[in-house]
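Remarks on the overall topology
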Amino acid sequence: MSEQRTVVWLNGPFGGGKTTLAKELSRRWPDAILFDPEVVGATVQRLVATPTGDYQDLPVWRELVAAMTVRMLGEYERPLIVPMTLVVPEYLQEIHGAIRAAGALHHVFLKTPAEVLRARIDAQSFTPHDPAADEETRVWRRAQIERCAAAVDLLPGNTVLLDGVLPTAELAGQVLELVGAPVR
């Protein structure tokens, strides 16, 4: 499978370092496209009700993410970096199954201790202009820590587990080596 038909899915808990790692990978692997499924989630949430509060529970979100990933692989023939927490096994299989059918998928999960996650979440600002919304986001993310930690035991066997406490540059090096990408 060529490097152009490769997806690196960065999974892990909220506050685990996925976005930071994705940006570093993007900097060091300029051929890759950074695709954030949260953009799709935000769009879907503006269009339809999300009864559970989690857009991942909407089949349309999962279908769109899988379709966009596959389409981008085919259209641009460049590797994709996808930072997204995805811990419901059925959802992961649904999206990753479609991606695997179209190209290579490297599934990386950043394991990060709960106390580190709490500290990172508490230090993050999501909507600086709206402190109440900012705190609501923090509360939701902190509430997901146990669920994300428990998901490690349910991940597919081909998932690569990395230590989310390592420096970002070191993690990026490990991922680039994993996929055989040129290191910069």
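Structure first, text after, so check above.
Cut-off values and rules
- Residues numbered from 1 in each chain as written.
- Predicted model: local features only at pLDDT ≥ 70, side-chain atom pairs only at ≥ 80, totals over all residues.
- Heavy atoms only, no water.
- Salt bridge = Lys/Arg side-chain N within 4 Å of Asp/Glu carboxyl O.
- Helix = DSSP H or I, 4+ residues; strand = E, 2+ residues; numbered from the N terminus.
- Buried < 20%, exposed > 50% of the residue type's maximum accessible area, 1.4 Å probe, protein only.
- Expected span 1.5 Å × (residues − 1).
- Arc of directions from axis to C-beta.
- Contact = heavy atoms within 4.5 Å.

Time to look at the pattern of salt bridges. Under the counting rule described, the total for this entry stands at eight salt bridges. In this structure, the salt-bridge partner of Arg138 is Asp134, at a minimum N-O distance of 2.9 Å. Of the two residues, Arg138 and Asp134 both sit in helix H6 (residues 131-143), four residues apart, roughly one turn of that helix. Across the pair Glu135 and Arg138 runs a salt bridge whose closest N-O atoms are separated by 3.2 Å. Placement of both Glu135 and Arg138 in helix H6 is noted, with a separation of three residues, approximately one turn of the helix. For Glu135, a relative accessible area of 34% corresponds to the partly exposed category. Looking at Arg138, the relative accessible area reads 12%, which means it is buried.

Our focus in this paragraph is helix H8 (residues 168-179). With twelve residues, H8 should cover 16 Å at 1.5 Å per step; its first-to-last C-alpha distance of 17 Å lies within 8% of that length. Within H8, burial applies to Leu171, Ala172, Val175, Leu176 and Val179. Buried residues of H8, seen end-on, are gathered within an arc of 135° and therefore sit on one face of the element. Packing partners of the buried residues in H8 comprise strand S1 (6-11), helix H1 (18-28), strand S4 (104-111) and strand S5 (160-163). One or two steps after H8, the chain reaches Gly180, where phi turns positive at roughly 75°.

With that out of the way, let us pick up unusual backbone geometry. We note that Glu77 has phi near 50°; this positive angle belongs to a residue other than glycine. Structurally, Glu77 is set in the loop between helix H3 (59-76) and strand S3 (80-83).

Taken by themselves, the reported measurements are silent on function.
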